[in-house]
Amino acid sequence: MADPEFPALNPYAGIAGKLSPYRIDPSTLKEESEFILPFGSQGKPSAGERLLWTTGCLYIGGLVSGSLWGVVEGLRRPGEMSSKLRMNSVLNSVGRRGPLLANNLGIVALLYRGVDTAIIKARSNTDDQYNQVASGAVAGMLYRSTAGPRAIAIGGGLGLLASGVVVAYQTFMK
């Protein structure tokens, strides 16, 4: 409802029912934010929001990083090439490396958030740094699970290291 002291700030003041062909009074519409943030009554994002955020960020980060890798790879190709052939080489490398890295990081993010949600539920909705570090290790192990025991151990170690760095950074920034 419009504040009587500031009627000019409400563009719908006095035209209720005249604006819409559906006879909707604009003053009955919600005044609060319709964005994902704030995160409802709990004050933290839901599991689905965290899954989408993490997967999207890592996918886009992988796409950008893989594309830069493709540019460098395309420009480093030896030999005398015309500018058109060199540009074709760069575009082929970008098209090969960008989606490759983006898809792999997206899969790791899905595994990470799935394990993280399972650990949170198993620990009676306790969400702390231990969950994040354990989720990183288990996600790394799951990602490399088809390549044998040595690869599983390496994947778990890299996941542990990556999630440990993220937790340390988050702790440092608080």
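Cut-offs used in this document
Residues numbered from 1 in each chain as written. Predicted model: local features only at pLDDT ≥ 70, side-chain atom pairs only at ≥ 80, totals over all residues. Heavy atoms only, no water. Helix = DSSP H or I, 4+ residues; strand = E, 2+ residues; numbered from the N terminus. Polar contact = N/O pair within 3.5 Å; in protein donor to acceptor, adjacent residues only side chain to side chain. Contact = heavy atoms within 4.5 Å. Phe/Tyr/Trp six-rings, centres within 6.5 Å; stacked < 30°, edge-to-face > 60°. Lys NZ or Arg CZ within 6 Å of the ring centre and 35° of its normal. Salt bridge = Lys/Arg side-chain N within 4 Å of Asp/Glu carboxyl O. 1 Å grid on protein atoms, 1.4 Å probe; cavity = no way out; pocket = protein on both sides within 12 Å on 5 of 7 lines; lining within 4 Å. Points joined across faces, edges and corners; volume = space filled by probe spheres on them. Expected span 1.5 Å × (residues − 1). Buried < 20%, exposed > 50% of the residue type's maximum accessible area, 1.4 Å probe, protein only.

Undergrad: Help me out: how do you make sense of the side chain of Arg 50 in this one?
TA: Here Arg 50 shows up in helix α1 (residues 47–76). For Arg 50, the side chain forms a polar contact with the side chain of Asp 116, separated by 2.5 Å. Residues in contact with Arg 50, not counting those within four places in the same chain, are Pro 45, Arg 113, Asp 116, Ile 120 and Asp 127.

Undergrad: What is the right way to look at the packing of aromatic side chains in this model?
TA: The geometry of an aromatic ring pair comes down to the distance between the two centres and the angle between the two planes. Considering all chains together, one arrives at zero aromatic pairs under this definition. Over the ring of Trp 69 we find Arg 97, and its NZ or CZ is 4.6 Å from the ring centre.

Undergrad: Got a minute to help me understand the pattern of salt bridges in this structure?
TA: Note that side chains of opposite charge can pair when their charged atoms are close. All chains considered together, the criterion is met by six salt bridges. A salt bridge links Arg 50 to Asp 127; the nearest nitrogen and oxygen atoms lie 2.8 Å apart. Here Arg 50 is found in helix α1, whereas its partner Asp 127 is found in the loop between α2 (83–122) and α3 (129–143), with 77 residues between them in sequence. For Arg 123, the salt bridge is made with Asp 128, and the minimal N-O distance between the two is 2.9 Å. Connected via shared salt-bridge partners are Arg 50, Arg 113, Asp 116 and Asp 127.

Undergrad: Help me understand the environment of Arg 97, please; the structure alone is not making it clear to me.
TA: For Arg 97, the position within the fold is in helix α2. For the pair Arg 97 and Val 71, spaced 26 residues apart in the sequence, the C-alpha separation amounts to 9.1 Å. Not counting residues within four places of it along the chain, the set of residues in contact with Arg 97 comprises Gly 66, Trp 69, Gly 70 and Glu 73.

Undergrad: Looking at this structure, how should I read the layout of surface pockets?
TA: Gaps left between atoms are located by rolling a probe of water-molecule size over the structure's atoms. Its boundaries defined by the atoms lining it, the largest pocket holds a volume of some 580 Å³. If you go around the largest pocket, you meet 21 residues; those closest to its centre are Leu 58, Val 108, Tyr 112, Ala 162 and Ser 163. Among the secondary structure elements, those contributing two or more residues to the lining of the largest pocket are α1, α2, α3 and α4 (149–173). Take the lining of the largest pocket: its biggest share by element is seven residues, from α4.

Undergrad: I'm lost on the side chain of Thr 54 in this one. Help?
TA: For Thr 54, the location among the structural elements is in helix α1. One polar contact links Thr 54 to Arg 113, side chain to side chain, over a distance of 2.9 Å. Ignoring any residue separated from it by four or fewer positions in sequence, one finds Thr 54 in contact with Ala 109, Tyr 112 and Arg 113.

Undergrad: Where do I start with α1 in this structure?
TA: Each turn of an α-helix holds 3.6 residues, which means side chains three or four residues apart point in the same direction. Spanning 30 residues, α1 covers 43 Å between terminal C-alpha atoms, matching the ideal 44 Å at 1.5 Å per step. Within α1, burial applies to Arg 50, Thr 54, Thr 55, Gly 62, Gly 66, Gly 70 and Gly 74. Lining the buried residues of α1 we find α2.

Undergrad: Is there a simple way to explain α3 in this structure?
TA: Given a rise of 1.5 Å per residue, 15 residues ought to cover 21 Å, and the 21 Å separating the end C-alpha atoms of α3 matches this to within 8%. For α3, every residue scored as buried is listed here: Asn 131, Gln 132, Ser 135, Gly 136, Ala 137, Ala 139 and Gly 140. Elements in contact with the buried residues of α3: α2 and α4.

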